[in-house]
Amino acid sequence: MSKIRGSIIVDTDRCKGCSLCVEACPQDVIALGKKVNVHGYPYVNVANGDACVGCASCAIVCPDGCITVYRKKTEE
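Overview of the structure. (Residues numbered from 1 in each chain as written. Predicted model: local features only at pLDDT ≥ 70, side-chain atom pairs only at ≥ 80, totals over all residues. Heavy atoms only, no water.)

**Describing the nonpolar core**
Here is step 1: Ranked by size, the top nonpolar core spans 14 residues in total, and within it I8, C21, I30, V44, C58 and I67 carry the most contacts.
Here is step 2: Listing elements by their share of this core, those giving two or more residues are β1 (2-10) and β3 (42-46).
Here is step 3: In this structure, C21 is in contact with I30, V44, C58, V61 and I67, ignoring residues within four places of it in sequence. (Core = buried A, V, L, I, M, F, W, Y, C linked by side-chain atoms within 4.5 Å. Buried < 20%, exposed > 50% of the residue type's maximum accessible area, 1.4 Å probe, protein only. Helix = DSSP H or I, 4+ residues; strand = E, 2+ residues; numbered from the N terminus. Contact = heavy atoms within 4.5 Å.)

Rendered as structure tokens:
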């Protein structure tokens, strides 16, 4: 049986740290970091990448389109 694994990429230069994606993630994959980007905003990081299921909730709620979601089917 195959399983879907997810992965996300965050464009940290465009992220404004609104944390909508952090709230939307059902797996607690994303967390707001302490570092700031070139515009002075704190940005989100992948805190628990192994838990990502590729649901794309984070990318859907992101108002600036900073998150790209990838899905990969793996065999178990």
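**Topic: unusual backbone geometry**
Here is step 1: The backbone of S19 sits at a positive phi, close to 70 degrees, despite the residue not being glycine.
Here is step 2: Residue classification places S19 among the buried residues on the basis of a relative accessible area of 18%.

**A short note on the pattern of salt bridges**
Here is step 1: Under the definition given, this model contains one salt bridge.
Here is step 2: Note that K16 is salt-bridged to D64, the shortest N-O span being 4.0 Å. One end of the pair, K16, is in the loop between β1 and α1 (20-24); the other, D64, is in the loop between α2 (57-61) and β4 (67-75), and 48 residues separate them in sequence.
Here is step 3: Among the residues examined, K16 registers a relative accessible area of 45% and is labelled partly exposed.
Here is step 4: With a relative accessible area of 23%, D64 lands in the partly exposed category. (Salt bridge = Lys/Arg side-chain N within 4 Å of Asp/Glu carboxyl O.)

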